[in-house]
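Observations on the model geometry
Chain by chain, the residues:
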Amino acid sequence: MLPNIPYTQYKRVVIVGAGFGGLALAREIAKREDLQVVLIDRNNYHQFQPLFYQVAMAGLEPSSISFPLRKIFQSKKNVHIRITEVQSVNTDRKSIMTGLGEITYDYLVIATGAITNYFGMKEIEERAIPMKTVSEALALRNRILQNFEDALSVDSDDQRAGLMSVVVVGGGPTGVELSGTLAEMKHFILPKDYPEMDFKSMEIHLLEGSKELLGAMSDESSQRSREYLEKMGVHIHTEQVVTGFDGKYVTTKQGMRIRADNLVWAAGIKANPLNGLNPEVIVRGGRIKVDQYNRVEGYDNVFALGDVAAMQEGEWENGHPQLAQPAIQQGKALAKNVWRVMDGKKAVPFKYKDLGSMATVGRNRAVVDLPFIKFQGFLAWLTWMFVHLISIVGVKNRLLILINWVWNYATYDQSLRLILKPKTIEQISNKNEKNEEAVKQEAQHSHS
């Protein structure tokens, strides 16, 4: 296979990764027709990570928080999208090696984001459920729903409790939001779906290695989120570091042992840099060291942004927070700098503007930290919904999400609790072959 990207008289900018940073850069830089933009990603869609947990808990469909890349750039003839994996970069040849072959560049932008960090614990990696992609969120939804179906048919109370109980590791926004949604399902939705079961045996545990939940937010938000979750029946265990999971019991370094068949891992991430860069530019957490212009140190035409970039700026000595806003701001700033350089002007150093942080705990419950004010409760919940809604790509997706949220608020229910198990082409082919063989045998039997 070949990438088949036409050569033109214009400079070629290759962007690896269509997350928040890569997409923001591509959308801005593609406005100039005197640049050729090549956008590479393993998926043909952009995914809105802050709402993965709602897909996992059957609150939203995957399509609501995903948007096709080709739809975004339909009118941009200077944008070429290729769906493939990038294996390595060769800076001497100014090229990257992909599953489609070699792609050359004039400028390379690495926006590969971050992946789940299991901190070297193979047992956790093999058995825990991560939630860093839409596919993983859907897999978690299937797992949780299938467990409730299985719980109807087991022999012992211990097996039933294990299937129903969930341990969430990581007290950041993802862990808090997931635990809160699980608690709401336990109280308002699941008892209606499974009237034969006693949900008192379903336990939800949230484990965090540090002293507080939402450690990156204010003390008020941390404390209030804990109060909200405890009122909802979530068992919170701080200063507990998970070290093992055998599929039945979760164990911690401090000696705790919790019975549960389900371990959701939201405890950490690590950057996902490309192979082939100078090892000296890879710093803590796998991030790539960049200067104030997002240029990788030691390279003139290679840049990195978002979660994978480590830029020292002001109070951010170890790099900016691995969140959507820094990535989006860096993407837009890099696009403007490219334009400035092309127009013979001087590039401007990047300055991060902290717009605040927020997390929702459940219905009417959220915490918001803005630069000028901090608040919690119903108003914070409305603020959280508004900010996330306007950040979604696509008017149709925003409308679908709003309808789902309004319906869920009015009815305490959703109709999305479907167990979807995709089959591979090989599985379908094998089934068809078996069916054909069965038909032949039946025909032969009838003829005889």
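Per an unreviewed UniProt entry, the protein chain is named NADH:ubiquinone reductase (non-electrogenic), and its organism is Dyadobacter chenhuakuii. The UniProt entry for the protein chain carries this comment under Catalytic activity (unreviewed entry): "a quinone + NADH + H(+) = a quinol + NAD(+)". Of the protein chain, the UniProt comment under Sequence similarities (unreviewed entry) reads exactly: "Belongs to the NADH dehydrogenase family."

**Comments concerning the layout of surface pockets**
Approximately 560 Å³ is the volume found for the second largest pocket. Lining the second largest pocket are 28 residues, and of these Gln54, Glu184, Trp381, Trp405 and Asn408 lie nearest its centre. Elements with a contribution of two residues or more to the lining of the second largest pocket: helix H2 (52-56), helix H7 (173-193), strand E22 (357-362), helix H10 (378-391) and helix H11 (395-411). Per-element tally for the lining of the second largest pocket: the top contributor is H7, with 6 residues. Here the residues of the lining of the second largest pocket sort into 16 nonpolar, 7 polar and 5 charged.

**Notes on the UniProt feature "domain: FAD/NAD(P)-binding" (unreviewed entry) in the protein chain**
Summarizing the sequence annotation, UniProt attributes the feature "domain: FAD/NAD(P)-binding" (unreviewed entry) to residues 12-331 in the numbering used throughout. The span residues 12-331 carries 29% helix and 26% strand; its end-to-end C-alpha distance comes to 17 Å.

**As for the side chain of histidine 237**
One can find histidine 237 in strand E13 (residues 235-238). You can call histidine 237 buried: its relative accessible area is 17%.

**Some points on the packing of helix H1 (residues 20-29) against helix H9 (residues 324-342)**
Contact geometry of H1 with H9 gives a least axis separation of 7 Å together with a crossing angle of 30 degrees. As summarised for this structure, H1 and H9 are arranged roughly parallel, according to the angle between their axes. The crossing of H1 and H9 is right-handed. Where H1 abuts H9, its residues Phe20, Gly21, Ala24, Leu25, Glu28 and Ile29 lie against Ala324, Ala327, Ile328, Gly331, Lys332, Leu334, Ala335, Val338 and Trp339. A breakdown of the residues in the contact of H1 with H9 according to their chemical character gives 11 nonpolar, 2 polar and 2 charged.

**Considerations on the sheet that holds strand E6 (residues 86-90)**
Sheet architecture is open: 3 strands sit in the order E6-E7-E8, paired in antiparallel fashion. Taken across any chain shown, the strands that pair with only one partner, and hence form the sheet edges, are E6 and strand E8 (101-104). For this sheet, the mean angle separating the axes of adjacent strands, direction not counted, is 25 degrees. With 4 bridges joining them, E6 and strand E7 (residues 95-98) adopt antiparallel strand pairing. What sits directly across from asparagine 90, in E7, is serine 95.

**Some thoughts on the packing of aromatic side chains**
The geometry of an aromatic ring pair is captured by the separation of the ring centres together with the interplanar angle, meaning the angle of the planes. A complete count under the given rule lists 9 aromatic pairs for this structure. Measuring from centroid to centroid gives 4.6 Å for phenylalanine 188 and tyrosine 412, while their planes differ by 50 degrees, and the two rings are tilted. In this pair, phenylalanine 188 is assigned in helix H7 and tyrosine 412 in the loop between H11 and helix H12 (425-447), connecting sequence segments 224 residues apart. The partly exposed category is assigned to phenylalanine 188, whose relative accessible area is 37%.

**Overview of the sheet that holds strand E12 (residues 204-208)**
The sheet built from 4 strands is open, its strands ordered E13-E12-E11-E17 with parallel pairing. Among the strands making up the open sheet, the edge pair consists of E13 and strand E17 (262-265). For this sheet the average axis-to-axis angle between neighbouring strands, irrespective of direction, equals 20 degrees. Taken together, the 4 bridges between E12 and E13 define a ladder with parallel strand orientation. Within the sheet, the bridge partner assigned to leucine 207 lies in E13 and is histidine 237. Packing of H7 onto the sheet brings it into contact with strand E11 (166-169), E12 and E17, and relative to E12 it is tilted by some 170 degrees.

**Some remarks on a positive patch on the surface**
Taken together, the side chains of Arg27, Lys332, Lys336 and Arg398 make up a positively charged region of the molecular surface. Mapping lysine 336 onto the fold places it in helix H9.

**A few points about the UniProt feature "transmembrane region" (unreviewed entry) in the protein chain**
UniProt marks residues 378-395 with the feature "transmembrane region" (unreviewed entry), using the numbering shown here. Between the end C-alpha atoms of residues 378-395 there is a gap of 25 Å, over a span that is 83% helix and 0% strand.

**What to know about empty space enclosed by the protein**
The tally for this structure, following the rule as stated, stands at 1 cavity of 30 Å³ or more. One number sums up the size of the largest cavity: a volume of about 40 Å³. Together, His46, Phe48, Ser64, Ile65, Ser66, Phe67, Ile392, Val393 and Asn397 line the largest cavity. In the lining of the largest cavity, the residues fall into 5 nonpolar, 4 polar and no charged.

**Let's talk about the side chain of serine 64**
Among the secondary structure elements, serine 64 is positioned in the loop between H2 and strand E4 (66-68). Sequence-distant contacts of serine 64, defined by excluding residues within four places in its chain, comprise Ile392, Asn397, Leu400 and Ile401.

**Re a nonpolar patch on the surface**
On the surface, Phe378, Leu379, Leu382 and Tyr409 cluster together into a nonpolar patch covering about 390 Å² of accessible area. Among the elements that line the nonpolar patch, the one with the most residues is H10, at 3 residues. For leucine 382, the location among the structural elements is in helix H10.

**So, the packing of helix H5 (residues 134-151) against helix H6 (residues 157-164)**
Put simply, H5 and H6 touch, their axes get as near as 8 Å, and they point 165 degrees apart. The angle between H5 and H6 places the two elements in the roughly antiparallel class. For the pair H5 and H6, the crossing hand works out as left-handed. Residues Asn147, Phe148, Asp150 and Ala151 of H5 lie in contact with H6, whose contacting residues are Arg160, Leu163 and Met164. Split into classes, the residues belonging to the contact of H5 with H6 amount to 4 nonpolar, 1 polar and 2 charged.

How each quantity is defined
- Residues numbered from 1 in each chain as written.
- Predicted model: local features only at pLDDT ≥ 70, side-chain atom pairs only at ≥ 80, totals over all residues.
- Heavy atoms only, no water.
- UniProt positions renumbered as here; feature names shortened; annotations may be inferred.
- 1 Å grid on protein atoms, 1.4 Å probe; cavity = no way out; pocket = protein on both sides within 12 Å on 5 of 7 lines; lining within 4 Å.
- Points joined across faces, edges and corners; volume = space filled by probe spheres on them.
- Helix = DSSP H or I, 4+ residues; strand = E, 2+ residues; numbered from the N terminus.
- Nonpolar A, V, L, I, M, F, W, Y, C, P; charged D, E, K, R; others polar.
- Buried < 20%, exposed > 50% of the residue type's maximum accessible area, 1.4 Å probe, protein only.
- Axes fitted to C-alpha atoms, helices over the stretch in contact; angles between N-to-C directions.
- Parallel < 35°, antiparallel > 145°, perpendicular 65-115°, else oblique.
- Left-handed = near helix turned anticlockwise from the far one by under 90°.
- Contact = heavy atoms within 4.5 Å.
- Pairing = 2+ DSSP bridges.
- Phe/Tyr/Trp six-rings, centres within 6.5 Å; stacked < 30°, edge-to-face > 60°.
- Patch = residues over 30% accessible without salt bridge, like charges linked within 9 Å, V, L, I, M, F, W, Y side chains within 5 Å.
- Areas by Shrake-Rupley, 256 points an atom, 1.4 Å probe, with all protein chains shown as cover.
- Salt bridge = Lys/Arg side-chain N within 4 Å of Asp/Glu carboxyl O.
- Lys, Arg positive; Asp, Glu negative; His and termini not counted.
- Charge placed at Lys NZ, Arg CZ, Asp CG, Glu CD.

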